[in-house]
Amino acid sequence: MGFQILLHIGIVIILSPLLLGIIGKTKAFFAGRWGAPLLQPYYDIGKLLRKGNVYSTTTTWIFQAAPIVSLAAVLVSSILIPMGGLKAPFSFWGDIILFAGLYALARFFIIIAALDTGSSFEGMGASREAAFSCLAEIVLFLDFIILALLSKKLILSEMIMRNILSWELFGPVLLLVVASYFLVLLTENARIPIDDPATHLELTMIHEVMVLDHSGWDLAYILYGAAIKLFVLGALLVNILIPFHGLPAIVQFMVFWGGMIILAIGLGIVESCMARLRLNRVPQLLTGAFVLALVGLLIILVKGV
Amino acid sequence: MMDFFLYSLTILSVSGVLIILTTRFRKMSESIFLISLILGCGLGFISAVTILASRTPIDYRLNFRMPIGEFYIGVDPLSAFFLLVITILFFLAGLYGYSYLKDHGKKNLSVHYALYHLALISLMLVVTAQNAVLFLMAWEMVTVTSYFLIVFYDEREVTRKAGYLFLIAAHTGTFCLWVMFLLMARHTGAMNFDQMMLTPFPLPLAGLLFVLGVIGFGVKTGFIPLHIWLPHAHPAAPSHVSAVLSAVMIKMGVYGLMRIIFIIKDFPEWCAVTLLLIGMISGVGGVLYALGQHEIKKLLAYHSIENIGIITLGLGTGLWGQIYHNESVILVGYAGALLHVFNHAVFKGLLFLSAGSVIRSTHTGEIDHLGGLLKHLPWTGCLFLIGSLSICGLPLFNGFVSEWLVFRGLFEGMFQFKMNALIFNSLGIISLALIGGLAAACFAKAFGAIFLGNSRSVDFTHVKENSPIMCVSMFVLGGICLWIGFFPTQMVSFALGAASTISSAQISTTIEEAIIFPLLKVVLVLIILMTIAVVLILFKRIAMKFLPIENAPTWGCGYSLPTRRMQYTASSFAEPILRIFRNVLGFNVEGNKPKGYFPDEAKISSHVLEASEDILFRPIFKFIEFLSVKFKIIQYGYTQLYLLYIFIFLLVLLVWKMI
Amino acid sequence: MWLESALILIILFGIIILGNNRLSTMIQLLALQSLVLSITPLLIHPSIHAFTMTIVTIVLKVIVMPSLLFWAIRHVSIRREVQPLIGYGKTLLLGGFLMGVAFLISSKLDLPDKGMSNLLVPTAFSLVMIGFLLLVTRFKAITQVIGYLVMENGIFLFALLLLEKTPLLVEMGIFLDIFVGVLVMGIIINHINQEFGSASTVNLTNLRD
């Protein structure tokens, strides 16, 4: 058990920044550039780890606690999901609520750390994050409801594992779930079209503006946390999409990691083709995601499970 | 164990009288208050815990006949669970209040203390009364004593108004309860609860009783739209009274509903639907209103409504399980509701007490005037943070455990039942998720604006932490939050015991294990979380030894002269969310924007419209006032005339009988 | 399976039309929706009858009508619906709610389903509701036409229930009606524009007295 957990966490720690690297490469390819090396996110984090910290005189211990709590919460959420041939080390009845709760915990601390600096820009980012994540959470739970109804289980790793039969019966529903979950993924990870981490105007940012004052190890923890969050939520999406489970471990392994790479490339493509939405359109997008999931639920309602 | 409970009642009532008698000797009356509080609450606590642990009810009848019923009290696990809440909260809040009121000077504190005891006794009687008349009398006593506790600052007009509003609202509710109990008594021919249970109720009657009960108990509990008194009364009272009001007094409605469910048992399906809908509306509505508040205690008061919503969701789930005879759903639903009653009492008590500490130190409760208090009030700040994390239902804290149970009940209800259950339970799950997200936003706002950043108005550097006694009460409450967050087994099994009482379902060990086992896994995951956090801290500590650390002002994004007035305020923090939900809420922003190159004056203010107060109740009250004015015609002020009225009324009654 | 996917696609296009404010995108989406719609007869009951219907639908609904609408917006040079009666987010939510109602109603109705798919009727209802919503909440005459066409698509789906019963001629008649309707609408839009200088139906309120 202990070994499994360590293996899981280790894989997540080692591989998650790679996803960001693939996204960056894809975007560079679409822009016709060669782009930064694939391992750039690792270099970034490594650079930050070699730097000292600057603390604002306004801040308190909350400011220093937030990166640790958020990274730990996001990291621990990874042990609830299976990855390829690896089973989830922890799976129990009702773990989806814990899964959502861990993300809420991480978010809460990042938000109050932003408020701790007393900067108006960071307050603005915190306020937006709080508003949008509320909406994203509803959509997430609606997706969970559908998955739970399809599997009659409340266990995350079994809700997302299913056999080919359910794709045949409920393919359209699952696609709706995937579509709405994808929008949640974009919102939670502050990707284009919800938020653009690359802009240079603090007024328009959400996630990046909240961590303006963090530096050195704190910032490294936060960036790592963001990478892991993308990785874990992405792994969940890939798991939903994989239609068959119970094949030999090696096949599952290849399918899963192939899926992750495709997801990263897909994210890169989405980010290359779209522009950031105006902020007041974001709730609209999430409402759209909500309606998508709602249609899925309605279909289940009519067809019966 | 019944003896302990009776001793507790006796000690409290005797000492109440003693406190009044020793009014002149302030020290003496204070020490009597403290000693009797410790003894009374301690004995009550012990009797509650033993009954919860053994899960066997005990009762006690006094041969002394009351006018209509008998003095019949009994403690079953359901009563014991509420007794636990009452004793813990009253003890800690009393301790805090003793210190809080210390330098209030001229007020006659003995009366306040005596009333505090009286409120405690009447609450204990409410949850243990096994006779309808006794129950109603205790209920009435709770109302009256709470009224006097609320109007402690009676020199302020706001307080007096809040008190009147509370009194009117509470009596409207009690009227419904009288009707309900009379109907029950007429149908069963008995006033004792145990005899009432023997007669089955036909479904239509059960439905009618349910409606009366929901209105009657709902007024006290604060279901939207019956909640109008709540946000006025909580801020008006002194903080320790607000704590017990919010933590204990409003839960009596929940207890009442559970008792009704316990007596009647068979309900039509729409009752469960109604409860779920009330839960959703109160939950989401409460938290949205809370987001729009600018005053800390008012914000907390609206959060009480939100949590009542969550409790009602659990209650509705349990009732649904009862209608469809599903043991697991019944137990999970009711246990979730009960545990949330306990948890809410603990963290809301904690929040009110720490808010009181802030108000006592800074003399203001306006969130937008505060800021940066974590540096000056470190303990209060940390405890407020613990309370906030718990109320948001975040893992590691107690709120998560009870919300987990309610979530689970809703999900399982969805698996088992039919179309309606599917629709309403999924709505319930979505609103619970929404409540969680909004509550997190609201408490990030409250904690961030009060304790973080810099002060937004005056300088608070002179502010000092309050007396240790106040801190101790808060520490104990914060400790309970963490204790349940990490060791949920004990309280969950207590709650399950009480839940099995409500439904009279035999609780089998397999079901109990199936409920508790995943919670232990949750705890394991949380322990891993803590381990990871410790490792991360260690890494950083070691690295920081070799790396430079600097201090500098917050970066102003290029603006060279940032002042503390430029910080984001609580109102602006909540604005985007309120804007998204503006159509549900009636959210108004007024003010004039800066114009031109050299704008002279600009201001902005936002407020949230209280729909049920402004749209529903004000017109009704206006109409009643109009009617009353019309009826004034028969008032002349002659005593003879009034006697004549009585005579006429008697005649009419006699004639009525003859026909 | 395929039929259901097609039906869900149709609903999705409806939802996206609801949440969109760019007229040209709306027309394109409408064309796409009609394209998927025109394939459904083949999926339900592959026959010559169905095939003819598919061809006719494609020609009319996917090619002719969208081009007509494109011509109209070019002519009056408007690009987006500026001020809907209620916001887009809320329209979407309302659309979701109405779809819920549609699904509920159709689960209670007893219709000759014949095992085609129990999604057919709900989808048809939903489309009618979405169309109505568009008609009610939008002011531009073009959006109104689009709403009307979405509604018509819903009715088309209803008609599929009776695919084998109805003679081809009747259907042709219906199509002709719609075609003429859209034509007339186009002309009206043009005239509103000439008269008032904009193509908003708000101006029609002036005709009240």
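A. Expanded view of the interface of chain B and chain A. Taken together, the contact between chain B and chain A spans 74 residues of the former and 75 residues of the latter. Regarding the contact of chain B and chain A, the summed buried area is about 6400 Å², with carbon and sulfur atoms giving 81% of it. For the chain B face of the interface with chain A, the top three residues by lost area are Phe415, Lys540 and Tyr568 of chain B, together amounting to 11%. Linking chain B to chain A there are 1 salt bridge. With a closest N to O distance of 2.8 Å, Asp218 of chain A and Lys540 of chain B form a salt bridge.

B. Representation of the confidence of the model for chain C in the model. Residue and element names in this part refer to chain C. Residues at a pLDDT of 70 or more form 77% of chain C, whose mean pLDDT is 78. Put simply, helix α7 (residues 168-196) is where chain C has its lowest mean pLDDT, 69, and helix α2 (residues 23-44) is where it has its highest, 88. With a pTM of 0.91, the predicted complex shows an ipTM of 0.95.

C. Main features of the state of the cysteines. Residues and elements named next belong to chain B. In total, this model carries 0 disulfides over all chains according to the counting rule given. Just so you know, Cys271 is unpaired, no disulfide at all, and the nearest cysteine sulfur is the one on Cys176, 15 Å from it. Under the relative-accessibility criterion, Cys271 is labelled buried at 0%. For Cys471, which is in no disulfide, the shortest distance to another cysteine sulfur is to Cys382 and amounts to 11 Å.

D. Broad picture of the packing of aromatic side chains. Residues and elements named next belong to chain A. Taken as a whole and assessed by the stated rule, the structure comprises 38 aromatic pairs over all chains. Each ring, one from Phe256 and one from Trp257, has its centre 4.9 Å from the other, and the planes form 80°; the classification is edge-to-face. Residue classification places Phe256 among the buried residues on the basis of a relative accessible area of 0%. Judged by its relative accessible area of 16%, Trp257 falls in the buried class.

E. The arrangement of the side chain of Thr362 of chain B in detail. If you trace the backbone, Thr362 of chain B turns up in helix α14 (residues 327-362). Apart from the residues within four sequence positions on either side, Thr362 of chain B is in contact with Leu370, Leu373, Phe460 and Val463 of chain B.

F. Fine view of the pattern of salt bridges. Residue and element names in this part refer to chain A. What the rule picks out here adds up to 13 salt bridges over all chains. The residue Arg191 makes a salt bridge to Glu271 at a minimum N-O spacing of 2.6 Å. Pair noted here: Arg191 is in the loop between α7 (164-188) and α8 (207-210) and Glu271 is in helix α10 (residues 249-273), with a separation of 80 residues, a long-range link. As far as the burial class goes, Arg191 and Glu271 line up, both buried. Linked through salt bridges whose partners overlap, the residues forming this network are Arg107, Glu137, Glu188 and Lys229.

The rules behind these values
- Residues numbered from 1 in each chain as written.
- Chains lettered and ligands numbered in written order.
- Predicted model: local features only at pLDDT ≥ 70, side-chain atom pairs only at ≥ 80, totals over all residues.
- Heavy atoms only, no water.
- Contact = heavy atoms within 4.5 Å.
- Buried area = accessible area lost by both parts, 1.4 Å probe.
- Salt bridge = Lys/Arg side-chain N within 4 Å of Asp/Glu carboxyl O.
- pLDDT = per-residue confidence, 0-100.
- Helix = DSSP H or I, 4+ residues; strand = E, 2+ residues; numbered from the N terminus.
- Disulfide = S-S within 2.5 Å.
- Buried < 20%, exposed > 50% of the residue type's maximum accessible area, 1.4 Å probe, protein only.
- Phe/Tyr/Trp six-rings, centres within 6.5 Å; stacked < 30°, edge-to-face > 60°.

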